[in-house]
Amino acid sequence: MRIRKGDMVVVLTGDDASSVPRKVLSVVQSGDKVVVEGVNRVFKHVRRGHPKSQQGGRLSREMPVSSSNVAYFCSACGKATRIGMRLLADGRKERFCKKCDASIGVISPAPKSASVPG
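- As recorded in an unreviewed UniProt entry, the chain goes by Large ribosomal subunit protein uL24 and comes from Planctopirus ephydatiae.
- For the chain, the Sequence similarities (unreviewed entry) comment in UniProt is given as "Belongs to the universal ribosomal protein uL24 family."

1. Points about the sheet that holds strand S3 (residues 33-36)
Right, so step 1: Strand order in this open sheet of six strands is S6-S3-S2-S1-S7-S8, and the pairing throughout is antiparallel. Of all the strands in the sheet, just strand S6 (65-66) and strand S8 (79-81) have a single pairing partner and so form its edges.
Right, so step 2: Strand direction decides the pairing type here: strand S7 (residues 70-74) and S8, joined by three bridges, are antiparallel. From the neighbouring strand, Phe73 faces S8, where its bridge partner is Ala80.

2. Quick notes on a positive patch on the surface
Right, so step 1: A cluster of basic side chains, namely Arg2, Arg82, Lys93 and Lys98, defines a positive patch on the protein surface.
Right, so step 2: Mapped onto the fold, Arg2 is located in the segment before strand S1 (8-11).
Right, so step 3: Using a relative accessible area of 41% as the deciding quantity, one classes Arg2 as partly exposed.

3. Digging into the environment of Phe43
Right, so step 1: Residue position: Phe43 is located in strand S4 (residues 41-46).
Right, so step 2: Residue classification places Phe43 among the partly exposed residues on the basis of a relative accessible area of 47%.
Right, so step 3: Taking the C-alpha atoms as reference, Phe43 lies 16 Å from Gln54; in sequence the two are eleven residues apart.
Right, so step 4: What Phe43 contacts, discounting residues up to four positions off in sequence, is Arg58, Leu59 and Ser60.

4. A closer look at the UniProt feature "domain: Large ribosomal subunit protein uL24 C-terminal" (unreviewed entry) in the chain
Right, so step 1: Per the UniProt record, "domain: Large ribosomal subunit protein uL24 C-terminal" (unreviewed entry) is found at residues 39-104.
Right, so step 2: Segment residues 39-104 splits into 0% helix and 52% strand. End C-alpha atoms: 24 Å apart.

5. Considering the nonpolar core
Right, so step 1: Core analysis: the largest hydrophobic core is formed by 13 residues, its most contacted members being Ile3, Val9, Val34, Val36, Val65 and Val70.
Right, so step 2: Of all the secondary-structure elements, those providing two or more residues to this core are S1, S3 and S7.
Right, so step 3: A total of three residues in this core trace back to one element, the largest contributor, which is S7.

Here is what the cut-offs are and how they apply
Residues numbered from 1 in each chain as written. Predicted model: local features only at pLDDT ≥ 70, side-chain atom pairs only at ≥ 80, totals over all residues. Heavy atoms only, no water. UniProt positions renumbered as here; feature names shortened; annotations may be inferred. Pairing = 2+ DSSP bridges. Helix = DSSP H or I, 4+ residues; strand = E, 2+ residues; numbered from the N terminus. Patch = residues over 30% accessible without salt bridge, like charges linked within 9 Å, V, L, I, M, F, W, Y side chains within 5 Å. Areas by Shrake-Rupley, 256 points an atom, 1.4 Å probe, with all protein chains shown as cover. Salt bridge = Lys/Arg side-chain N within 4 Å of Asp/Glu carboxyl O. Lys, Arg positive; Asp, Glu negative; His and termini not counted. Charge placed at Lys NZ, Arg CZ, Asp CG, Glu CD. Buried < 20%, exposed > 50% of the residue type's maximum accessible area, 1.4 Å probe, protein only. Contact = heavy atoms within 4.5 Å. Core = buried A, V, L, I, M, F, W, Y, C linked by side-chain atoms within 4.5 Å.

This is the structure:
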């Protein structure tokens, strides 16, 4: 999954579509859905005495949206873009913006060299 928790994304389709970047709160385990701050809000009706709400009522919460409906917002170029993966010269793997080629962050460290002791 290329979009991770804490990334800023733009919602492309649906009722909450806009060009305003929003924060990803979580990625659903299967990886094909994300929960975005303030997007796809629904009311969860809770009975009185429930641990989440002792008084009961309607709780407003965000529900997951498909990751195909959001695009990463690059802070370097200020646009919604796709994310690419590449290997660096030292063996580390990083994410990068496909429009401006800016680095988003390192995903995995360099592999340990297989040196033989002795």
